[in-house]
Amino acid sequence: MPSNAEAPPLPDPLRVPVADSHTHLDMQSGTVEEGLAKAASVGVTTVVQVGCDLKGSRWAAETAAAYDAVHATVALHPNEAPRIVHGDPDGWSRQGAREGGGAGALDEALAEIDRLAALAQVKGVGETGLDHFRTGPEGIAAQELSFRAHIEIAKRHGKALVIHDRDAHADVLRILKEECAPERTVFHCYSGDAEMAAVCARAGYYMSFAGNMTFKNAQPLRDALAVAPLELVLVETDAPFLTPVPYRGRPNAPYLIPVTVRAMAAVRGLDEDVLATALSANTARAFDY
């Protein structure tokens, strides 16, 4: 096994417990029990398990029902909506080839997300939004339609809205404004700059920072974190992706949250415990648990 595929070591525990506001346990190695125990051992006592398609959303809801430490969100990822409508004959989405089902198939999938969103253990609708990186022009209409439908579902059920925004800042902000975003809206893996952070702050949107804020080329993210109101800041892994420095390229998991929390505290010039206390309260408020 190459060394870069090995799991990073356990960091020193946080003294104040925090939540991983966005993770994908279904894509990580080991059992859910193992992952939660490892996280809890370093002070990460709560995780938000995020759905990206129907199968993953059902799994998130079932897992949150089974474990007190897990809360679920359900959604069709922005790249999933065009795949449902148009199919994926050449595997552009990296999810395997599949047939398109047209607008009717998207309506059916959204109806299932709506049903799951009503469940008590489901605390959010997401990750939804726009992704102009992986979806070409032909898929944008399906993506937008799906995004607007998710906003409506979140509002109707009184759930948080979890945003995936890749290379689409202006369009995401525009649609949130047009549709009157829910009271609790979270930009997962915040990817904007300080200027956009000011826009999000005025709107009351939460900004969740992931391990990529530690990357060498991520100064715009650190600048955004420096100016974001403390009461709107969350932390996440997006595991198994975006493993923080110095473990970049190795598998990420909720137990690595302390690495990112400490990097965030350094950017803010805050005591680690003060930041962790705020992150814990903010995540509970954002997801209403």
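A brief look at the structure comes next. (Residues numbered from 1 in each chain as written. Predicted model: local features only at pLDDT ≥ 70, side-chain atom pairs only at ≥ 80, totals over all residues. Heavy atoms only, no water.)

Quick look at the pattern of salt bridges now. Throughout the structure, instances matching the rule amount to 14 salt bridges. With its nearest N and O atoms 3.7 Å apart, the salt bridge here joins D88 to R83. Note on accessibility: D88 and R83 belong to one class, buried. Each of E144, R148, D171, R174, E178 and E179 takes part in a single network of salt bridges with overlapping partners. (Salt bridge = Lys/Arg side-chain N within 4 Å of Asp/Glu carboxyl O. Buried < 20%, exposed > 50% of the residue type's maximum accessible area, 1.4 Å probe, protein only.)

One finds F147, L176, F187, Y190, F209 and M264 to be the most contacted residues of the largest nonpolar core, which totals 79 residues. For this core, the element with the most residues is helix α4 (residues 102–117), which contributes six residues. Those residues in contact with Y190 that sit more than four places away from it in its chain are M196, A197, C200, M207, S208, F209, L221 and A224. (Core = buried A, V, L, I, M, F, W, Y, C linked by side-chain atoms within 4.5 Å. Helix = DSSP H or I, 4+ residues; strand = E, 2+ residues; numbered from the N terminus. Contact = heavy atoms within 4.5 Å.)

Right, let's get into the environment of D165. Considering the arrangement of structural elements, one finds D165 in strand β7 (residues 160–166). The class of D165 is buried, set by a relative accessible area of 7%. Here the alpha-carbon distance between D165 and G51, two residues 114 residues apart in the chain, equals 16 Å. Here D165 is in contact with L130, V172, F187, S191 and M196, once residues within four sequence places are set aside. A polar side-chain atom of D165 sits 3.3 Å from the main-chain amide nitrogen of A168. (Polar contact = N/O pair within 3.5 Å; in protein donor to acceptor, adjacent residues only side chain to side chain.)

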